[in-house]
Amino acid sequence: MNEYVAPLRDMRFILSSLAGIDEIGRLPGYEETTPDLVDAILEEAGKFSSGVLSPLNPVGDAEGCRVENGVVRTATGWSEVYAQFRDAGWVGLAMPAQYGGQGLPKAVAAPVNEMWFAANLAFSLLPPMAVGSVDTLMRAASDDLKACYIPRMVSGEWTATMDLTEPNAGSDLGAIQTRAESHADGSYRLFGQKIFITYGDHDLAENIVHLVLARMSGAPAGVRGISMFLVPKYLVNADGTLGARNDMHCISVEHKLGIHGSPTCTMSYGDAGGAVGYLVGEPGRGLEYMFVMVNESRFNVGLQGIALGDRAYQKALTYARERTQGRDAITGEANVPIIRHPDVKRMLLVMRASVMATRMLAYVAAGWFDKARHHPDEVTVAQCRSLVDLLMPVVKGWSTELGIEVANMGIQIHGGMGFIEETGVAQYLRDVRITAIYEGTTGIQANDLISRKILRDGGAALGLLIAEIRSSSHQALEDGRTTSLGRELERSLALLEDARDWILSHESDTIGELLAGGTSFLRMLGTICGAWQMTRAALVAQNTIDEGQGDVVYLQGIIELARFYFAQLLPQVAMHMEMLNRAGPAVLQFPDTAL
Ligand SMILES: Cc1cc2nc3c(=O)[nH]c(=O)nc-3n(C[C@H](O)[C@H](O)[C@H](O)COP(=O)(O)OP(=O)(O)OC[C@H]3O[C@@H](n4cnc5c(N)ncnc54)[C@H](O)[C@@H]3O)c2cc1C
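Residues numbered from 1 in each chain as written. Predicted model: local features only at pLDDT ≥ 70, side-chain atom pairs only at ≥ 80, totals over all residues.

A few points about the site of the ligand
Here is step 1: Lining the immediate environment of the ligand, one finds 21 residues, of which Leu 164, Gly 170, Ser 171, Thr 441 and Gly 443 sit closest.
Here is step 2: At the level of elements, β3 (158-163), β5 (188-198) and α13 (442-455) are the ones that each hand at least two residues to the shell around the ligand.
Here is step 3: Partitioned by chemical class, the residues of the shell around the ligand number eight nonpolar, ten polar and three charged.
Here is step 4: Domain assignment of the residues forming the shell around the ligand places at least three in each of domain 2 (158-284) and domain 3 (441-589). (Near = placed C-beta within 6 Å. Helix = DSSP H or I, 4+ residues; strand = E, 2+ residues; numbered from the N terminus. Nonpolar A, V, L, I, M, F, W, Y, C, P; charged D, E, K, R; others polar. Domains from an automatic or database assignment.)

Details of helix α19 (residues 572-588)
Here is step 1: When the terminal C-alpha atoms of α19 are compared, their 23 Å separation across 17 residues agrees well with the 24 Å that a helix rising 1.5 Å per residue should span.
Here is step 2: The sharpest bend along α19 reaches about 50° and sits at Arg 582, with the proline Pro 585 one to four residues further on.
Here is step 3: Within the span of α19, buried status applies to Val 573, His 576, Met 577, Leu 580 and Ala 583.
Here is step 4: Where α19 is buried, its residues touch α15 (483-504), α16 (511-516) and α17 (518-546). (Expected span 1.5 Å × (residues − 1). Bend = angle between axes of the 7 residues up to and from the residue. Buried ≥ 20, exposed ≤ 12 C-beta atoms within 10 Å, placed from the backbone. Contact = placed C-beta atoms within 7 Å.)

Some remarks on the packing of helix α9 (residues 286-322) against helix α11 (residues 378-413)
Here is step 1: Two numbers describe how α9 lies on α11: the axes approach to 8 Å, and their chain directions differ by 20°. Overall, the two elements α9 and α11 adopt an arrangement that is roughly parallel. As for how α9 packs across α11, the hand of that crossing is left-handed. (Axes fitted to C-alpha atoms, helices over the stretch in contact; angles between N-to-C directions. Parallel < 35°, antiparallel > 145°, perpendicular 65-115°, else oblique. Left-handed = near helix turned anticlockwise from the far one by under 90°.)

Comments concerning the pairing of β5
Here is step 1: Among the eleven residues in β5, eight count as buried, and that is most of the element.
Here is step 2: Here strand β4 (residues 179-182) runs beside β5; their pairing, made up of four bridges, is antiparallel. Residue Ala 180 lies in a different strand from β5, and its bridge partner there is Leu 190.
Here is step 3: Here β5 pairs with strand β12 (residues 275-280) via three bridges, running antiparallel. When the sheet's bridge partners are listed, Leu 190 is paired in β12 with Ala 275.
Here is step 4: For β5 and strand β11 (residues 264-269), the ladder comprises five bridges, and the chain directions are antiparallel. Paired with Gly 192 across the two strands is Tyr 269, which belongs to β11. (Pairing = 2+ DSSP bridges.)

Considerations on the domain arrangement of the chain
Here is step 1: One can read the domain layout of the chain as domain 1 (8-134), domain 2 (158-284) and domain 3 (441-589).
Here is step 2: Here the C-alpha centroids of domain 1 and domain 2 sit 25 Å apart.
Here is step 3: Each partner contributes to the interface: domain 1 provides 23 residues, whereas domain 2 provides 22 residues.
Here is step 4: When contributions to the side of domain 1 that touches domain 2 are tallied by element, the ones reaching two or more residues are α3 (35-63), β2 (71-73), α4 (78-87), α6 (121-124) and α7 (127-140).
Here is step 5: The leading source of residues in the side of domain 1 that touches domain 2 is α7, at four residues.
Here is step 6: Its residues placed into classes, the side of domain 1 that touches domain 2 shows 14 nonpolar, seven polar and two charged.

Describing the nonpolar core
Here is step 1: In terms of nonpolar packing, the biggest core is built from 187 residues, with Leu 213, Phe 229, Val 280, Met 290, Tyr 363 and Ala 365 touching the most fellow members.
Here is step 2: Looking at this core, the element that brings in the most residues is helix α10 (residues 342-374), giving 17 residues.
Here is step 3: Discounting chain neighbours no more than four positions away, the residues touching Val 280 are Leu 137, Ala 140, Ala 141, Leu 145, Leu 211, Met 228, Phe 229, Leu 230 and Tyr 289. (Core = buried A, V, L, I, M, F, W, Y, C linked by C-beta atoms within 7 Å.)

Put into structure tokens, the structure is as follows:
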């Protein structure tokens with residue numbers, strides 16, 4: 001099997017059993033999200049991803065992008081498929097209805113985006129940029145800017161970029177140097193260079209809307225001096241038609257390890273007098289606004305890890321059923337499919353359990369996001385918002401790290417064939433590798449989790465999460481058939497409480513000790529959240545079987561997968577706890593000169 005097949009059954013199970021899609025569909029503003037509509041959307045997205053996006057995936061990988069007479073050219077077929085994607089209305093799926101979008105919940109957009117990413121990551125990086133940009137503009141832009149740009153971004157006629165990174169400003173955005181000078185007509189002129197800009201230029205749409213971070217003359221140093229500007233590739237005339245080409249250009253596209261079909265551009269602004277830009281919101285609040293987009297993107301990047309993990313799993317499973325080699329260790333039968341070897345089966349289960357656990361957490365987080373937006377009860381809104389904020393670095397950091405491990409295992413299952421490009425599995429690993437880097441590396445996610453999400457509120461959001469997990473562990477303990485899951489989840493929670501107390505007991509002068517163990521803590525929290533969702537899934541599956549409903553084989557598989565997760569993945573919690581405790585002295589006392 002070469003083409004991607006959308007895992008619709010798993011997606012539907014998680015949406016209805018864990019993410020609360022039926023409840024979300026009853027919230028004011030989401031009333032049109034009926035179960036039938038959700039089913040139809042998933043079905044259609046599944047067909048588009050397998051039939052249209054997936055066959056183009058190796059083409060983009062092989063051809064990449066090139067700059068031709070100053071124009072960035074995408075791979076063969078890219079342009080036609082973008083037109084199909086746009087005309088089918090997929091870009092505006094979860095964008096505001098008032099601007100022509102369908103206004104559907106994030107819990108619906110999440111599986112749909114996962115399908116796009118799994119089928120063809122390099123192509124699918126483009127459309128979600130418009131979603132984050134529109135959110136940002138909705139939050140901060142003037143009515144004129146909104147009216148001029150948002151409708152054509154929602155329709156997909158114009159695409160979007162986020163322009164943060166510069167040669168000396170990567171993880172540390174406070175170092176941004178791009179300048180913005182005010183102009184007599186109220187607009188600005190931008191000068192500077194941005195690097196690594198995804199789809200910074202391309203031949204898929206007639207205009208590109210760049211949201212650029214820059215400093216106005218006289219702005220203070222650091223993040224408080226950064227403002228946001230909307231800089232279109234083509235200026236827009238008063239009647240909405242496209243005018244002159246703006247003074248900004250792609251000066252090169254990067255040669256990368258993966259996502260070859262996605263142009264990663266070095267952009268130069270103001271080589272001929274200044275790129276025209278329009279201030280978004282208030283001066284000095286650029287980074288705050290950009291974080292609306294960054295948070296949307298971090299969630300999507302988490303989905304990318306899940307998506308590529310699932311793609312690798314699908315391919316590995318097919319291969320393991322077809323490839324024959326060696327004897328069955330138990331029956332002695334010769335020349336058996338490699339899935340009969342316990343180690344291969346173990347790897348397949350690690351892959352499936354990792355993908356399912358990260359997917360469960362991501363969709364549940366998408367559901368919290370929707371409730372935070374539209375739930376009538378203020379307490380629920382506040383709680384959902386706290387949980388989303390707390391777990392965003394986990395959805396991003398944990399899902400992408402596991403995605404890379406899963407894609408790596410996919411190669412292992414293929415043996416030597418995994419190392420051969422024609423098999424296709426090497427591309428998944430090459431493509432997924434970036435997900436732990438862009439939108440903030442895993443190290444930056446861990447810093448965010450500890451410093452901003454736990455220390456800043458004194459552990460309040462984490463306390464809320466622990467209470468939620470505990471309620472599931474109690475349910476599991478009460479149901480005789482899931483007692484062991486409940487007991488093990490309780491043990492992990494006790495470790496999490498120890499970790500929380502240890503983190504909160506630190507003073508600012510010992511922050512280095514915490515940050516040295518930060519990624520261990522992030523992995524620990526992710527692994528526990530996975531166990532939490534697996535427990536909930538097992539409880540739902542058991543109850544559904546008891547009620548005589550559903551597909552018993554599938555539901556039993558969910559229960560057994562939870563047991564596998566607890567046996568083979570949850571033990572990492574104790575390991576990460578130990579590493580967290582001991583990272584400080586082990587790392588900080590090691591002399592730099594001895595490295
Ligand atoms: C393919 C691709 C697409 C991209 N798309 C975009 C885009 O569309 N728009 C955009 O603006 N940018 C984009 N980027 C840039 C990307 O977001 C940055 O590369 C990323 O944030 C890391 O920054 P850096 O490369 O400067 O690494 P650095 O910041 O130099 O980091 C190097 C290493 O140091 C670590 N590190 C740095 N600071 C800390 C710290 N405080 N604590 C702990 N560890 C730290 C990092 O974790 C990393 O391991 C893209 C990059 C790539 C490769």
